Amino acid sequence: MKLVAGNSNRPLAEAIATYLDTPLARCVVRRFADKEIFVEVQENVRGEDVFIIQSTSAPANDHLMELLILCDALKRASARRITAVIPYFGYARQDRKPGPRTPISAKLVANMIVRAGADRVLTLDLHAGQIQGFFDIPTDNLFAAPVMVSDITEVMAEDNVMVVSPDVGGVVRARGLAKRIDAPLAIVDKRRERPGESEVMNVIGDVSGHSCILVDDIVDSGGTLVNAAEALLKQGAKQVTAYITHGVLSGGAIARVMASQLKELVITDSIMPSDAVVNAHNIRVLSIAPLLGEAIARTAEEKSVSSLFY
Ligand code: R5P
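These figures come from a predicted structure and were not determined experimentally. (Residues numbered from 1 in each chain as written. Predicted model: local features only at pLDDT ≥ 70, side-chain atom pairs only at ≥ 80, totals over all residues. Heavy atoms only, no water.)

A. Up close: the packing of aromatic side chains. A full pass over the atoms with the stated rule returns three aromatic pairs. Aromatic pair F32 and F38: ring centres 5.6 Å apart, planes at 20°, arrangement stacked. When the centroid spacing of 5.4 Å and the interplanar angle of 80° are considered together, the rings of F143 and F309 count as edge-to-face. Placement of F143 in the loop between β7 (139-142) and α4 (145-155) and of F309 in the segment after α9 (289-300) is noted, with a sequence separation of 166 residues between them. F309 sits in the buried class, given a relative accessible area of 11%. (Phe/Tyr/Trp six-rings, centres within 6.5 Å; stacked < 30°, edge-to-face > 60°. Helix = DSSP H or I, 4+ residues; strand = E, 2+ residues; numbered from the N terminus. Buried < 20%, exposed > 50% of the residue type's maximum accessible area, 1.4 Å probe, protein only.)

What follows is the structure in structure tokens.
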């Protein structure tokens, strides 16, 4: 097995390499003066089972292009099998046409990855499960839930916990977590009654006296999360914590979360945490390196990956 890392999340790639007790392959990914990406794999990969670790996080286009070029280089170097390990799959939110004459960019990106030479994909908490079907190659969509559950069990064992989906679209994900920790479920239903009027947050379920855990796949601007937390506290929740897999945290998100009433936002390192994230008093990062490392090992040994989640 060979592990190859792009530039998007080197610490995660190194942690996976440590878990697997396999060094990262010598590989250079650099830019020409005009910012074109150049890749050179500096060791033999002929006949090898190669795993490229690269999140397509911001800058999404550069990191995607790195992944494509790495696939091309490995294919041309006669790698036996190439698995694109994409802990955060960018463009996932563009998974359907929101209106006429708009793209389905998640499908386009999947096509590009397959065309570039990937034989398999290993990813984590896809925004929508059906994106798996956008790839016409075997695709494993892992869940961060086991990592979150063990943290919740340790940190919130004594609390009267209730799992909450911050919007109607996330109910299946939240229900899954609620089932794992045997907690009740509530939903924040965000609605704009009439155009031009501000959104109304209706809470479905009695959250009063509960320690609420908001669960989502992505925190980007932080708006969804912070507004949902406010609505829950207004309805009498004792405290609100959030467990969200991918900390996109763009723009003023970190400041918004720090100024919010959230007790804590817990994310994973699927996207490399910035210094601001690491220093934020109410943001904590869990590592998914052991989970990804185990899934890579099982893929290489042709063992079951799904049994990691039962
Ligand atoms: C949307 O469907 C996603 O699951 C997240 O709720 C959304 O991406 C969060 O975005 P933001 O943090 O900008 O509100």
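What follows continues from the structure just given.
B. Summary view of the packing of helix α2 (residues 60-76) against helix α3 (residues 105-116). It is at 8 Å that the axes of α2 and α3 come closest, and there the two elements cross at 25°. Judged by the inter-axis angle, α2 sits roughly parallel to α3. Judged by residue contacts, L64, L67, L68, C71 and D72 of α2 engage V109, M112, I113 and A116 from α3. For the contact of α2 with α3, the per-class residue count stands at eight nonpolar, no polar and one charged. (Axes fitted to C-alpha atoms, helices over the stretch in contact; angles between N-to-C directions. Parallel < 35°, antiparallel > 145°, perpendicular 65-115°, else oblique. Contact = heavy atoms within 4.5 Å. Nonpolar A, V, L, I, M, F, W, Y, C, P; charged D, E, K, R; others polar.)

C. Layout of the packing of α4 against helix α5 (residues 171-181). At a minimum axis separation of 10 Å, α4 and α5 run at an interaxial angle of 45°. When the axis of α4 is compared with that of α5, the two are oblique. Classified by chirality, the crossing of α5 by α4 is right-handed. Two secondary-structure elements touch here, α4 through A145, P146, M148, V149 and I152 and α5 through L177, R180 and I181. Here the contact of α4 with α5 is built from residues that sort into seven nonpolar, no polar and one charged. (Left-handed = near helix turned anticlockwise from the far one by under 90°.)

D. Looking closely at the pattern of salt bridges. For the structure shown, the criterion picks out 18 salt bridges. Two residues, R173 and D216, come together in a salt bridge whose shortest N-O distance is 3.7 Å. Note that R173 is positioned in helix α5 and D216 in strand β11 (residues 211-219), a separation of 43 residues in sequence. Overall, D216 belongs to the buried group, its relative accessible area being 10%. (Salt bridge = Lys/Arg side-chain N within 4 Å of Asp/Glu carboxyl O.)

E. Local environment of α9. Along its 12 residues, α9 runs 16 Å from first to last C-alpha, staying within 8% of the 16 Å computed at 1.5 Å per residue. Among all positions of α9, only A289, L291, L292, G293, A295, I296, A297, R298 and T299 are buried. Count one or two residues on from α9 and you reach E302, which has phi positive near 60°. (Expected span 1.5 Å × (residues − 1).)

F. Structural context of the side chain of T139. With respect to the secondary-structure elements, T139 resides in strand β7. Reaching out from T139, the side chain makes a polar contact with the backbone oxygen of I137 at a distance of 3.1 Å. Setting aside anything within four residues of it in sequence, one finds T139 in contact with V121 and Q132. (Polar contact = N/O pair within 3.5 Å; in protein donor to acceptor, adjacent residues only side chain to side chain.)

G. Structural context of the site of the ligand. With respect to spatial proximity, the complete set of residues near the ligand consists of R93, H127, D167, D216, D217, I218, V219, D220, S221, G222, G223 and T224. Take S221: an N or O atom from its side chain is 2.6 Å from an oxygen atom of the ligand. Measuring from an oxygen atom of the ligand, one finds a backbone N or O atom of G222 at 2.8 Å. Its free accessible area being 380 Å², the ligand has 79% of it covered by the protein chains. Of all the elements in the fold, those that place two or more residues in the shell around the ligand are β11 and α6 (223-234). The element that contributes the greatest number of residues to the shell around the ligand is β11, accounting for four residues. For the shell around the ligand, the class distribution of residues is two nonpolar, five polar and five charged. (Near = heavy atom within 4 Å. Areas by Shrake-Rupley, 256 points an atom, 1.4 Å probe, with all protein chains shown as cover.)

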